[in-house]
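If you want the building blocks of each chain, they are given just below.
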Amino acid sequence: MLIAWIFVIILILAVLFMPKRLTFRENMIVFFSVGYFAWIAHLSTGLMADLYDLGSTKKVEFDDWLMVTLVPSLISIVYLNFKKRDYGFLYIVIWTILSTLGEFTLVQLEYMRYQGWKLWYSIPVYLLAYLILPWYLNSIIRKVNDK
C-alpha cells in the first residue's frame, strides 16, 4: 500500500538530512536491534495473538515488512539523533504523541485494522520505548563501544 512507502520515504529522507549526533556504528546497532524487537512485538501481538492486521490481507506482505522492519528503526534513529539531555520528559511525550498520531493515521487509512487492540494500548508502549532508547544507547551500546 502507498502509505507504507510514504512513511518509509519520509523517514529515510529525515535520516539522510538530519544532523547526526550518533556515530554510524551506533546508528546501525540501534537500527538492527530496534528492528529485531519490532519483529518480536509484531510476531507476538500481531501474528500470534492476532490483535491487529497490517495491509490488505492477513498474510505478511512486503509492505508489512517495510512497516515493521524499517519504520520503528528509522524513527528510533531520528529520535536519538535529535535528543538532547536537557529536553527531559517533554521530548518523550512529544514523540509518543507523534507515534500515536502515526498509528491513528494508519488506522484511519485502513492500513492497520484492530482486532482486539486499541489505540490507547499503544501509548504506554511508546512511552516505555522512548524512555528505554536513550538508556539503551548510553548504557549498553556506548559502554560496549568504549571497551
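Source: prediction; values computed, not measured. (Residues numbered from 1 in each chain as written. Predicted model: local features only at pLDDT ≥ 70, side-chain atom pairs only at ≥ 80, totals over all residues. Heavy atoms only, no water.)

On the surface, Leu2, Trp5, Ile6, Ile9, Ile10, Ile12, Leu13, Leu16, Phe17, Phe62 and Trp65 cluster together to form a nonpolar patch covering roughly 1,100 Å² of accessible area. It is helix α1 (residues 2-17) that contributes the most residues to the nonpolar patch, nine residues altogether. Relative to the helices and strands, Leu16 is located in helix α1. When its relative accessible area of 55% is taken as the criterion, Leu16 is described as exposed. (Patch = residues over 30% accessible without salt bridge, like charges linked within 9 Å, V, L, I, M, F, W, Y side chains within 5 Å. Areas by Shrake-Rupley, 256 points an atom, 1.4 Å probe, with all protein chains shown as cover. Salt bridge = Lys/Arg side-chain N within 4 Å of Asp/Glu carboxyl O. Helix = DSSP H or I, 4+ residues; strand = E, 2+ residues; numbered from the N terminus. Buried < 20%, exposed > 50% of the residue type's maximum accessible area, 1.4 Å probe, protein only.)

What follows concerns the packing of aromatic side chains. Enumeration over the complete set of coordinates arrives at twelve aromatic pairs. A ring pair is formed by Trp120 and Tyr121, whose centres lie 4.7 Å apart and whose planes are at 75°; its orientation type is edge-to-face. Connected via pairs of aromatic rings, a cluster forms that spans Tyr79, Tyr87, Tyr91, Trp95 and Tyr130. (Phe/Tyr/Trp six-rings, centres within 6.5 Å; stacked < 30°, edge-to-face > 60°.)

With that settled, the discussion passes to α1. Compared with the 22 Å implied by 1.5 Å per residue over 16 residues, the 23 Å span of α1 between its first and last C-alpha is a close match. Those residues of α1 that fall on the buried side of the exposure criterion are Ile3, Ala4, Phe7, Val8, Leu11 and Val15. Considered in projection along α1, the buried side chains sweep an arc of 130° and stay on one side of the axis. Those residues of α1 that are exposed and angled more than 90 degrees off the buried face are Leu2, Ile10, Leu16 and Phe17. (Expected span 1.5 Å × (residues − 1). Arc of directions from axis to C-beta.)

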